[in-house]
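One letter stands for each residue in the lines below.
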Amino acid sequence: MTMIDLSGTWRLSSLDEETTALMPVPGDVHTALKNAGLIPDPYVGRNELDLRWVAETDWQIEQDFWLEDSAGDWYLDVTDLDTVATIEINGQVVLAADNAFRRYRPDVTQALKAGDNRIRIVFSSSIREGAARQARQPFYIPYSTANSPIPNGNMLRKPQCHFGWDWNIALAPLGLYGTIALKKLETARIEHVVTHQAHDETGVDVTVTVTLHAEAQGYVALTLELGDERVKLDCGVKPGETNVSYVFRIDEPRLWWPSGNGEQALYRLTVDLPDETVIRQIGLRTVKLITDPDEAGSRFAFAINGREIFCRGANWIPADALFSLTSRDKTRDLLQSAVDANMNMIRVWGGGFYEADWFYDLCDELGLMVWQDFQFSCNLYPSTPDFLDNVAAEVDYQVRRLSSHPSIVLWCGDNELVGALTWFKESVENRDRYLVSYDRLNRTIEQALGKAVPEAIWWPSSPATGYMDYGDAWHADGSGDMHYWSVWHENKPFADYRAVKPRFCSEFGFQSYTSLPVIGTYAGDRDMNIASPVMEWHQKNAGGNERIAATMFRYFRFPEGFANFVYLSQVQQALAIRTAVDYWRSLKPHCMGTLYWQLNDTWPVASWSSLDYGGSWKLLHYLARRFFQPVAVAAIPSEDGSEIRMSLVNDTLSDVTVSLAVSLLTLSGERRDLLSIDSLVAPDAAVTAITIPAADIPPDCLLAWHFSASNGMGGEGHFVPGTYKGLDLQPARLTTTVSTAPAGGFDILVQSDGLALFVMIETDTPGRFSDNAFDLAAGESRRITYLPAAGEPLSEAPQFRIYDLASSSVAG
Ligand code: BMA
């Protein structure tokens, strides 16, 4: 193809030309300014405070390019342009864009000339554009001021968390994050490639539909290749769009399965014009969302290739608050961490992006199912014809772009828009108006999805109690997906997670501080106090720090010093989420999914994530690997606390025998055997191995267990009948011995003299520990391997800090 790739270094300046810098494209303006030394690092201290001017300013970027010959039809190919922007070539406006989620391909033939050309993109301030659009609405459209300090983000089709969120920095970033290229139209170009699968007894028919775009009538040779079959089609095209379909038959297909259920077989589809190639990664699988009514309400279960799969996972938010700080490797690492913690699903939440193609390629390869939200979150939205047309074009493009990915199993209308109707004075006083307006938007999305890919699975909103059902899915647990926030946002005790029986919990979360090494990247020594202005700045949920501290009072003795406070915040976060997951998994098949809030962070901040900004594992992530193990054991107390049920869950396809040994642990760390039992658990079942009367646990003792399963899985855990603060834990006197290990790693032998709970090793050098958050009884030891992150070979062992529960608080 005759193509001029315009990515590279552009000249950036404010429209008044007072501020200038170089900017890589793809890239964002804030990072370019920071790299030029014009603004401080937004993530450090309270620098965010002084950076609002960047989003209040209009910016331009420009570049010169050389064109040998301008003859022919030319178009510009632009994606991920953030957001209200005009593009000029040689002073002529060729595009006025206002949707970061669309692909634009304007004809630019008239603007080009042979020789030197200049391209310029002018970005209008999102703050001013938002205000202007709000002023033009027929009635006021509220947005969540609690989430977004920058107003009117709901007016603009760009990531909603850009305006600030209860975990995000408010920068309203701007830039160009995708492709920008000048292309010559040779008869026709590939506009879309959509695939459709029909499975039968012996194989799969894969229908490939290619939409070609041409300016004039003509013929093109189109080549399609899937698996071993390659076909060449001579296609007549007319001005505008022409659809060409071809059916590939694949006998004895290798099916794509979610992680833990089979292989992630992938086929490569290549669509070729003489001068253009589009590649799609295809997995052969069927998906069904089962919503059949039952006694409790209606089910909510995914069946892949006919097999119902319990979904274990977390919510995905953008990889970084600033695009230029993202990379494929960093994202791969985050997604790999999800799979390593035994997750099989992520939810791409509706306040961020439709992610790049390669993101979903990674999910396909890793066997991570994706629940994909359309990008609307926690606000109300316009329903004017221009806004809805813009949304319909966005949906059409995104769905066709992504629908071939086997990982995407659901398209969901939005995040929490039904609930948001109750959050604002305007919509409470005039619910009819805002509900109708919501329905116009929601129907636009549904219809555009249905038109682009009729078989795609549609769910109207998350949470939703059902189709055409506008119940309170935050508290009603009989049907639909649920966002259960009563423990965090309503300050209920952890045990309250057992007050509901969700069919599928797509959000529930509990905050912790980000780990000490990450705090060190934004806070100085003097800020290392939970109530310091810098620490409060890096907490975006009003009342969040108070909730963390008050919860500690409820369950733990108050920790000594800042580092222990951070550690303990992570212990309690992990306990909260484990309480929920243990119980809800035990309800299988009534409950068929738990996705906690949230997997990752966009910048260094106190949040609900289990991965620190940068990808290190918080204590929760180590625990998640245990409580999400396909075969898992949990201790679940009855409501009155009189007995403890040892629950076994088997998400695998085969019978497993679980050998469970339950013991008592005294506060001095002595382990006394209580019972052992072998239980057979059928595939896809949750059973109770044994129920233990609470009276069998003497005062000042904990219940502990370990298990091994016939399929090689195993694990351990403990249960405290009352609260941890009620226990007179004695110092564990941990010692560590560090030695070198293969592959540049280090072995840490941890030995204990007493009872050590939630032992956590930490170091300032990024890397991963083979395990963490484990328990040791007196005289027990554990060998942990630490592997530094790739590319950082260490000449000597880093300093390891070690925490355990008893040592985190000291009496007196
Ligand atoms: C949910 C999410 C997010 C939010 C989180 C924590 O409702 O959808 O909007 O960040 O809660 O409050």
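Described below are features of the structure shown in this document. (Residues numbered from 1 in each chain as written. Predicted model: local features only at pLDDT ≥ 70, side-chain atom pairs only at ≥ 80, totals over all residues. Heavy atoms only, no water.)

**Some points on a nonpolar patch on the surface**
- Among the surface-exposed residues, Y467, M468 and Y470 lie close enough to one another that they form a single nonpolar patch of about 350 Å² accessible area.
- Of note, Y467 is situated in the loop between β30 (458–459) and β31 (482–483).
- Judged by relative accessible area, which is 42%, Y467 ranks as partly exposed. (Patch = residues over 30% accessible without salt bridge, like charges linked within 9 Å, V, L, I, M, F, W, Y side chains within 5 Å. Areas by Shrake-Rupley, 256 points an atom, 1.4 Å probe, with all protein chains shown as cover. Salt bridge = Lys/Arg side-chain N within 4 Å of Asp/Glu carboxyl O. Helix = DSSP H or I, 4+ residues; strand = E, 2+ residues; numbered from the N terminus. Buried < 20%, exposed > 50% of the residue type's maximum accessible area, 1.4 Å probe, protein only.)

**Some thoughts on the nonpolar core**
- Membership of the largest hydrophobic core comes to 143 residues, with the highest contact counts inside it found for F374, F508, W584 and Y596.
- Among the elements that make up this core, the one with the highest residue count is helix α13 (residues 561–586) (14 residues).
- Among residues more than four places away in sequence, those in contact with Y596 are G313, A314, N315, M343, F508, I577, S610, L620, H621, A624, F627 and F628.
- Of all hydrophobic cores here, the second largest spans 46 residues; its members include A85, A97, Y104 and L171. (Core = buried A, V, L, I, M, F, W, Y, C linked by side-chain atoms within 4.5 Å. Contact = heavy atoms within 4.5 Å.)

**Notes on the packing of helix α4 (residues 328–340) against helix α5 (residues 357–366)**
- At a closest axis distance of 10 Å, the pairing of α4 and α5 adopts a crossing angle of 30°. Between α4 and α5, the crossing angle belongs to the class labelled roughly parallel. Remark: the crossing between α4 and α5 carries right-handed chirality. The segment α4 lies against α5, with R328, T331, R332, L335, Q336 and V339 engaging W358, F359, L362, C363 and L366. (Axes fitted to C-alpha atoms, helices over the stretch in contact; angles between N-to-C directions. Parallel < 35°, antiparallel > 145°, perpendicular 65-115°, else oblique. Left-handed = near helix turned anticlockwise from the far one by under 90°.)

**A word on helix α14 (residues 619–627)**
- Taken across its nine residues, α14 has seven buried, putting it largely inside the fold.
- Taken together, the buried positions of α14 are occupied by L619, L620, H621, Y622, L623, A624 and F627.
- Along its buried surface, α14 packs onto α4, α13, β33 (593–596), β34 (631–637), β43 (756–762) and β44 (767–769).

**Digging into the site of the ligand**
- Taken together, the residues surrounding the ligand are W165, D166, W167, W349, C378, N415, E416, W485, H489, E507, W597 and W608.
- One of the side-chain N or O atoms of E416 is found 2.5 Å from an oxygen atom in the ligand.
- Here an oxygen atom of the ligand sits 2.8 Å away from a polar atom, N or O, in the side chain of E507.
- If the ligand stood free it would expose 300 Å²; the protein chains cover 95% of that surface.
- For the shell around the ligand, the per-class residue count stands at seven nonpolar, two polar and three charged. (Near = heavy atom within 4 Å. Polar contact = N/O pair within 3.5 Å; in protein donor to acceptor, adjacent residues only side chain to side chain. Nonpolar A, V, L, I, M, F, W, Y, C, P; charged D, E, K, R; others polar.)

**Observations concerning the packing of aromatic side chains**
- All chains considered together, the criterion is met by 48 aromatic pairs.
- With centroids separated by 5.3 Å and ring planes inclined at 70°, the aromatic side chains of W167 and W349 adopt a geometry described as edge-to-face. Within this pair, whereas W167 is found in the loop between α3 (126–136) and β12 (175–176), its partner W349 is found in the loop between β27 (345–348) and α5, the two being separated by 182 residues in sequence.
- A residue is classified by how much of its surface remains accessible, and W349, at 2% relative accessible area, is buried.
- When the centroid spacing of 4.8 Å and the interplanar angle of 80° are considered together, the rings of F508 and W584 count as edge-to-face. Of this pair, F508 sits in the loop between β32 (505–507) and α10 (516–522) while W584 sits in helix α13; the two residues are 76 residues apart in sequence, bridging distant segments of the chain.
- The class for W584 is buried, based on a relative accessible area of 0%.
- Three or more aromatic residues joined by ring pairs form one cluster here, namely F300, F302, W371, W459, Y467 and F504. (Phe/Tyr/Trp six-rings, centres within 6.5 Å; stacked < 30°, edge-to-face > 60°.)

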